[in-house]
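Coordinate inspection notes
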Amino acid sequence: MRNDFSRGKVWQNIISQSIPLILAQLVQLLYNVVDRIYIGHLPGADSMALTGIGLVFPLTTLIAAFTCLFGTGGTPLFSIARGAGEEQRAEKILGNTFSLLLGCSLAMFFFCYVFRRPVLYLFGASDASYVYADAYLRIYLAGTAFTMLSTGLNGFINAQGFPRTGMMTTLIGAVLNLILDPVFIFQMDMGVSGAALATVFSQLVSCVWVLRFLTGKKAALRIRRENLKVEGKLFREITALGMAGFIMQGTNCLVQIVCNTTLKRYGGDLYVGIMTVINSVREILSLPVSGLTSGSQPVLGYNYGAKRYDRVCQGIRFTAVLGIVYTLLAWFAVIGCPRLLLSVFTEDVNMLEAGTEALKLYFFGFFFMAFQFSGQSAFTALGCSRRAIFFSLLRKAVIVAPLTLLLPGLGLGVDGVFWAEPISNCIGGLACFITMYATLYRNLKAEAGRG
């Protein structure tokens, strides 16, 4: 059966899950990246529009963090329950996750909308950049529920063995976003507000697609009314496992705030805009390895639930090796053509000149990120929530955020902000992977040998 991940070659199962997921994530990325490309080329806006969008990142990342808390918490539990043949429990996990995402989205919309002005200034806005940030954020927030439900529930489609359907979740919305962006931004002369409005409409379509599938007959396990009431035990299990993804996104939010405020202090609005572009490039280049490790999780979780430990080990090895090879190639691409990558997002000469060196610094030793991704995904897929949470905290909160504050004051200036990322990738990534190998992989291999 195509949904039985204990059959066939492990690497083929992972690839069959990962490729559609990578395409889906690529399309999902277009929601924001295309907005930044258009905004970066707004007539007369220079780099200030991109700076404004960069100030919005921490809040949108915070929304993504709560999406991960429930989405990435529920999906591995769902996969493990499927692998163990516990379909009733799996449907309860799905229903509870839906309710948690919906309730949280309403709370996030209210909080972010009411407090957006003081929060944006706290994040490093100036009077000039706030105009652009507020114009985007107040409309973008209207799609909070659509974003959280479509993103948080899409993993349940992939976990049932329908990665192509999961890909369509974002493909339909992204195509609509590509069409509406130039119409709203340029033809209707809405500027930054038009980009946000196009995104909201696109997220709505994606959300409808997900809910239609998960309540329809094609899905093996569905959202059912009797499973919508949140159970305390399941809530604790979902949030415990999803806490790793939440902390990873939450610490991303922290790092973005620290980066924006530090760059504003040492380099001004220009460098906040440069970091916006660099974040966009990073999201694009890290997407394949992120999709690979995310695609491996249902396969690892299913085989772990089925006690096929030899196949779990094969999956971990394959994911790690392929991830390292890819990130090495991506690093070489950045070294070879940094200005070309930047020019996709901006024509501003000052931003291109200053951003070229910053981009090369930020991506130094990019392949270490693969160690973090593969170790983190193995912990998450197999329910090792405490270790997953620890290494999420270690890289961002313990290493990169303090270094972002410390290095500029040691004489490195704005360069210190960009050096913090590769240092954290090296230390945090290796620590995560080595610990996963010593405490998880070796034990699984021993169990497989005894079996």
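These notes cover the structure that comes with them. (Residues numbered from 1 in each chain as written. Predicted model: local features only at pLDDT ≥ 70, side-chain atom pairs only at ≥ 80, totals over all residues. Heavy atoms only, no water.)

**Observations regarding the overall build of the protein chain**
Inclusion rule: A helix here means a DSSP run of H or I that spans at least four residues, while a strand means a run of E at least two residues long, and both kinds are numbered starting from the N terminus. It is over C-alpha atoms that the radius of gyration is taken, and the globule rule equals 2.2 Å times the number of residues to the power 0.38. Burial status follows relative accessibility: with a 1.4 Å probe on protein chains alone, a residue under 20% of its type maximum counts as buried, one over 50% as exposed, and anything between as partly exposed. Note on definitions: a residue-residue contact is assigned when non-hydrogen atoms from the two residues lie within 4.5 Å. Accessible areas in this description were obtained via Shrake-Rupley with a 1.4 Å probe; residue shielding takes into account the shown protein chains only. The convention is simple: Lys and Arg are positive, Asp and Glu are negative, and His and the chain ends are not counted. In this description, the location of a charge corresponds to atom NZ of lysine, CZ of arginine, CG of aspartate or CD of glutamate.
For the protein chain, the helix and strand inventory stands at 16 helices and zero strands. A compact globule built from 451 residues would reach a C-alpha radius of gyration of about 22 Å, and the protein chain, at 21 Å, matches this within 12%. With respect to the three principal axes, the spread of C-alpha positions in the protein chain is 65 × 45 × 35 Å. Each of the 451 residues in the protein chain was classed as buried or not, and the buried ones make up 59%. Contacts in the protein chain between residues far apart in sequence, at least 24 positions, make up 83% of those at least 6 positions apart. As displayed, the protein chain offers around 18000 Å² of accessible surface, 64% of which is attributable to carbon and sulfur atoms. If the 36 positive side-chain charges of the protein chain are averaged to one point and the 23 negative ones to another, these points end up 13 Å apart.

**What about helix α14 (residues 368–381)?**
To be explicit about the condition: Multiplying one less than the number of residues by 1.5 Å gives the expected span of a helix.
Relative to the 20 Å expected for 14 residues at 1.5 Å per residue, α14 spans 21 Å between its end C-alpha atoms, a close match to the ideal helical length. With respect to burial, α14 is a largely interior element, 14 of its 14 residues being buried.

**Comments concerning empty space enclosed by the protein**
To keep things clear, this is the line we draw: Grid spacing is 1 Å over the protein atoms alone, the probe is 1.4 Å, and a cavity is where that probe fits but cannot get out, while a pocket is an open set with protein on both sides within 12 Å along at least five of seven lines and lining residues have an atom within 4 Å of a point. Grid points are joined across faces, edges and corners, and a volume is the space filled by probe spheres set on the points. Residue polarity follows a fixed list, in which Ala, Val, Leu, Ile, Met, Phe, Trp, Tyr, Cys and Pro are nonpolar, Asp, Glu, Lys and Arg are charged, and the others, Gly among them, are polar.
Following the criterion strictly, the structure yields two cavities of 30 Å³ or more and no others. Considering only enclosed or pocket space, the second largest cavity measures out at about 40 Å³ in volume. In terms of lining residues, the second largest cavity is bounded by Gly54, Phe57, Gln256, Cys259, Asn260, Val272, Met275, Thr276 and Asn279. Those elements giving two or more residues to the lining of the second largest cavity turn out to be α2 (48–83), α9 (232–266) and α10 (269–305). No other element matches the four residues that α10 contributes to the lining of the second largest cavity. Its residues assigned to classes, the lining of the second largest cavity comprises four nonpolar, five polar and no charged.

**Let's talk about the packing of α2 against α9**
For the record, the criterion: Here, axes are lines fitted to C-alpha atoms. For helices the fit covers the stretch in contact, and angles between N-to-C directions go from 0 to 180 degrees. Roughly parallel means an angle under 35 degrees; roughly antiparallel means over 145; roughly perpendicular covers 65 to 115; every other angle is labelled oblique. Two helices crossing with the near one rotated counterclockwise from the far one by less than a right angle form a left-handed crossing, whereas a clockwise rotation gives a right-handed crossing.
Where α2 meets α9, the closest approach of the two axes is 6 Å, and the angle between their N-to-C directions is 165°. If you check the angle between α2 and α9, you find them roughly antiparallel. In terms of crossing hand, the pair formed by α2 and α9 is right-handed. Its residues assigned to classes, the contact of α2 with α9 shows 19 nonpolar, 13 polar and one charged.

**Details of the packing of aromatic side chains**
How two aromatic rings sit relative to each other is set out by the distance from centre to centre and by the angle between their planes. We apply this condition: Stacked, edge-to-face and tilted are the three classes for Phe, Tyr and Trp ring pairs, Trp counted by its six-membered ring, which pair at centre distances within 6.5 Å; planes under 30 degrees apart are stacked, over 60 edge-to-face, the rest tilted. Here, a charge over a ring means that NZ of Lys or CZ of Arg falls within 6 Å of the ring centre while also lying within 35 degrees of the ring normal.
Under the criterion given, the structure shown has 25 aromatic pairs. Taking the centre distance of 6.1 Å and the plane angle of 20° together, the rings of Trp331 and Phe332 count as stacked. Its relative accessible area of 49% is what places Phe332 among the partly exposed residues. A ring pair is formed by Trp331 and Phe367, whose centres lie 5.9 Å apart and whose planes are at 35°; its orientation type is tilted. Here Trp331 is found in helix α11 (residues 309–336), whereas its partner Phe367 is found in the loop between α13 (349–362) and α14, with 36 residues between them in sequence. Assigned by exposure class, Trp331 and Phe367 land together as buried. The structure contains a cluster of three or more aromatic residues connected by ring pairs, namely Trp331, Phe332, Phe364, Phe367, Phe368, Phe371, Trp419 and Phe433. Here the guanidinium or amino end of Arg116 rests over the ring plane of Tyr113, the centre of that ring lying 4.4 Å away. Lying over the aromatic face of Tyr130, Arg117 brings its terminal NZ or CZ to 4.8 Å of the ring centre.

**A short note on the side chain of Ser105**
Counting through the fold element by element, Ser105 comes out in helix α3 (residues 87–114). Once residues within four sequence positions are removed from consideration, Ser105 is found in contact with Thr144, Ala145 and Met148.

**A short note on helix α6 (residues 144–159)**
Between its first and last C-alpha, α6 extends 24 Å over 16 residues, near the 22 Å set by a 1.5 Å rise per residue. A positive backbone phi angle near 90° is found at Gly161, which sits one or two residues after α6.

**Some remarks on the pattern of salt bridges**
Applied cut-off: The term salt bridge refers to a pairing of a side-chain nitrogen on Lys or Arg with a carboxyl oxygen on Asp or Glu at a separation within 4 Å.
Applying the stated criterion across every chain yields a total of 13 salt bridges. With a closest N to O distance of 2.5 Å, Lys233 and Glu237 form a salt bridge. Of the two residues, Lys233 and Glu237 are both situated in helix α9; the distance of four residues between them amounts to about one turn of the helix. Sharing partners across several salt bridges, the network here consists of Glu86, Arg89, Lys233 and Glu237.

**Overview of the environment of Phe318**
By secondary structure assignment, the location of Phe318 is in helix α11. With 199 residues separating them along the chain, Phe318 and Val119 place their C-alpha atoms 43 Å apart. Apart from residues no more than four positions distant in its own chain, Phe318 is found in contact with Trp11, Ile14, Ile15 and Leu292.

**Notes on the packing of α11 against helix α16 (residues 414–450)**
Between α11 and α16, the shortest axis-to-axis distance is 8 Å and the interhelical angle comes to 150°. The way α11 lies across α16 gives a crossing that is left-handed. The residues of α16 that touch α11, namely those facing Tyr309, Asp310, Val312, Cys313, Ile316, Arg317 and Ala320, are Phe433, Met436, Tyr441, Leu444, Lys445, Glu447 and Ala448. When its residues are assigned to classes, the contact of α11 with α16 shows 10 nonpolar, no polar and four charged.

**Thoughts on unusual backbone geometry**
At Asp189, a residue that is not glycine, the phi angle is positive and equals roughly 55°. Tracing the backbone through its elements, the reader meets Asp189 in the loop between α7 (163–187) and α8 (192–214). Judged by its relative accessible area of 67%, Asp189 falls in the exposed class. You will see that Lys307, though not glycine, has its phi angle at about 60°, which is positive. Inspection of the secondary structure assignment puts Lys307 in the loop between α10 and α11.

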